[in-house]
Each structure stands twice: as structure tokens, then as C-alpha cells.
Amino acid sequence: KGQMIARIDPRDFEIAIKTLQAKLDASKARLEEATLQQERYAKLFEQNTAAKAKYDSIRAAFQMAEAQVKADTESLADARNDLIDSRLLAPFTGYVNDKFVENHETVTPGQPIVSLVDLDTIEVTVGLPEDLVGMLPKFQSYAVTFEAIAGTEFSASLKEVGKKPDPA
């Protein structure tokens, strides 16, 4: 669990993060300047020494700078998430059963990369005659045996009863 199974080359993601960090730094500097300008003009406007139109323009520039910082912060967070998402980590403890792609092969979103087997839980599908399905609520416990492991019985639990009958 948590071990890296595959990854996309992170170079482009890392460059995007550096670019967006620089953009955010510039936006923060513009916001700082706009904040100082707004504070100055707010005082001047209160003293009736600045025109309302100029004060409104300065205040709008401050609000735009503030919005730009928020947008750039979100973009940087998205880029960092994209970098994290470039790594495929095992969601549970198990083993790789099959590999569907080779190293340096181009993959598409949603394309299977590997088949994982979870050894903590094994699902067993069984066929029951129709007359036994109605008796399932009366069973207290379940057990499973495998021919390959003779003499060993595993406790089990009922997960679901299928909606469609199996023609076999």
C-alpha cells in the first residue's frame, strides 16, 4: 500500500509549478502595491482632496489584484495536485498481477496500467439452486474451501446475491 506503481514524467508538471509560483509572486507584489495605493487614496478621498473617479479606479485595481492573487493561488494548487496525480500509488497491500504497458509507453487517461491483486480479501462467486437462495437469511455463517489448499477452511461472509441468473 502506498508504493509507487507507475509515474508520468514529472518534468512538465514541475516547470508549470515554477512558472505559476513566479506568476503568483508577481500577483502578490501587484496586490501589495494596489493595497498601498488604495489606502492612500482612501485617506485623500475622505479629506476631499482626491476625485471620486480616481478613487474608484484605484479601488477597482485593488480588487482586480486581489482576485488575481486568488486565481493564481488556485492555479498553483491545481498544478501541485497534477504533479501528485502524476504518480500512481498502490491503494492496498497486494501484488501486481499483470502489466498492460511498458516503460516510456504513451498512455491515455483511464487506460489500465496494471492489474493488482488484494490478498486481504478474496471474492468467491458461487452458484446456488433457486430453492436455496430463499434460505440465505437463515444461515449463521459461511466457510470456503479450495481444492488447491486441501484441509483448510476459510471463514467467509455474504457480499451480495446477483440479480441475474447465471446461464451456466
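This structure is a prediction, so every number in the text was calculated from the model and none was measured. Just so you know, the residues in each chain are numbered from 1, in the order the chain's sequence is written. Given that the model is predicted, a residue must reach a pLDDT of at least 70 before its local features are reported, and side-chain atom pairs must reach 80 or more before they are shown or counted; all residues, however, enter totals for whole chains, interfaces and linings. Derived side-chain values reflect all non-hydrogen atoms in the structure, with water molecules and hydrogen atoms excluded from consideration.

Trainee: Is there a simple way to explain the overall build of the protein in this structure?
Mentor: Helix numbers and strand numbers start at the N terminus; a helix is a DSSP run of H or I with at least 4 residues, a strand a run of E with at least 2. When you go through the protein residue by residue, the secondary structure sums to 3 helices and 6 strands. Mapped from its N terminus to its C terminus, the protein presents α and β elements in the order β-α-α-β-β-β-α-β-β. The quantity called the radius of gyration is restricted to C-alpha atoms. Its globule counterpart is 2.2 Å times the number of residues to the power 0.38. Relative to a compact globule of 168 residues, whose C-alpha radius of gyration would be 15 Å, the protein shows 31 Å and is clearly more extended. Along the first, second and third principal axes, the C-alpha set of the protein runs to 95 × 45 × 30 Å. Remark: exposure states derive from per-residue accessible area (1.4 Å probe, protein chains only) relative to the maximum for the residue type, with buried under 20%, exposed over 50%, and partly exposed in between. Within the protein, buried positions represent 14% of all 168 residues. It only takes one pair of heavy atoms within 4.5 Å for two residues to be counted as in contact. Long-range contacts, defined here as pairs at least 24 residues apart, represent 55% of the contacts in the protein between residues at least 6 apart. When charges are tallied, Lys and Arg are placed among the positive residues and Asp and Glu among the negative ones, while His and the ends of the chain are skipped. By convention, charge coordinates are those of NZ in Lys, CZ in Arg, CG in Asp, or CD in Glu. Mean positive and mean negative side-chain charge positions of the protein (20 and 27 charges, respectively) differ by 11 Å.

Trainee: Any chance you could explain the nonpolar core here in plain terms?
Mentor: One broad rule of soluble globular proteins: the nonpolar side chains tend to lie buried together. Within the largest apolar cluster, 9 residues are counted, these being Ile17, Leu24, Leu31, Ala34, Phe62, Ala65, Val69, Leu76 and Ala79. Of all elements in the fold, only helix H1 (11-46) and helix H2 (52-85) reach the threshold of two or more residues within this core. Element by element, the count of residues in this core is highest for H2, at 5 residues. For this analysis, a nonpolar core means a set of buried residues of the types Ala, Val, Leu, Ile, Met, Phe, Trp, Tyr and Cys, connected via side-chain atoms within 4.5 Å.

Trainee: Would you take a moment to explain the packing of H1 against H2 for this structure?
Mentor: Between two packed helices, both the angle of their axes relative to each other and the distance between the axes serve to describe the pair. At a minimum axis distance of 8 Å, the contact between H1 and H2 shows a crossing angle of 160°. Taken as axis vectors, H1 and H2 run roughly antiparallel relative to one another. By crossing handedness, the relation of H1 to H2 is classed as left-handed. Here the nonpolar group is Ala, Val, Leu, Ile, Met, Phe, Trp, Tyr, Cys and Pro; Asp, Glu, Lys and Arg are the charged ones; every other residue, Gly included, is treated as polar. Grouping the constituent residues of the contact of H1 with H2 by class yields 18 nonpolar, 8 polar and 11 charged. To obtain each axis, a line is fitted to C-alpha atoms, and for helices this fit is confined to the stretch in contact; angles are then taken between N-to-C directions over 0 to 180 degrees. Each angle receives one of four descriptions, namely roughly parallel if under 35 degrees, roughly antiparallel if over 145, roughly perpendicular if within 65 to 115, and oblique otherwise. Note on convention: near helix rotated counterclockwise from far helix by under a right angle means a left-handed crossing. Clockwise means right-handed.

Trainee: Which parts of the structure should I look at to understand unusual backbone geometry?
Mentor: Peptide bonds are trans in most cases, and residues, glycine excluded, mostly fall at negative phi. Of note in the backbone geometry, Asn48 takes a positive phi value of approximately 60° without being a glycine. With respect to the helices and strands, the residue Asn48 is situated in the loop between H1 and H2. For Asn48, a relative accessible area of 68% translates into the label exposed. In this structure, His104 takes a positive phi of about 65° despite not being glycine. Its place among the elements puts His104 in the loop between strand E3 (94-99) and strand E4 (114-118).

Trainee: Help me understand H2, please; the structure alone is not making it clear to me.
Mentor: Three- or four-residue spacings in an α-helix give side chains the same orientation, since the helix completes a turn every 3.6 residues. The terminal C-alpha atoms of H2, which comprises 34 residues, lie 49 Å apart, in line with the 50 Å expected from a rise of 1.5 Å per residue. Taken together, the buried positions of H2 are occupied by Tyr55, Ile58, Phe62, Ala65, Val69, Asp72, Leu76 and Ala79. Buried residues in H2 make contact with H1. To estimate the expected span of a helix, count its residues, drop one, and scale the result by 1.5 Å.

Trainee: Which parts of the structure should I look at to understand the packing of aromatic side chains?
Mentor: Ring geometry is summarised as follows: Phe, Tyr and Trp rings, the Trp one being its six-membered ring, pair when their centres sit within 6.5 Å, and such pairs are stacked at plane angles under 30 degrees, edge-to-face over 60 and tilted between the two. Tallying each qualifying case throughout the model produces 3 aromatic pairs. Note on Phe45 and Tyr55: the rings are 4.9 Å apart at their centroids and 5° apart in plane angle, and the pair reads as stacked. Placement of Phe45 in helix H1 and of Tyr55 in helix H2 is noted, with a sequence separation of 10 residues between them. Of the residues examined, Tyr55 reaches a relative accessible area of 12% and is grouped as buried. Note on Phe139 and Tyr142: the rings are 6.1 Å apart at their centroids and 70° apart in plane angle, and the pair reads as edge-to-face. You can call Phe139 partly exposed: its relative accessible area is 39%. Tyr142 sits in the partly exposed class, given a relative accessible area of 25%.

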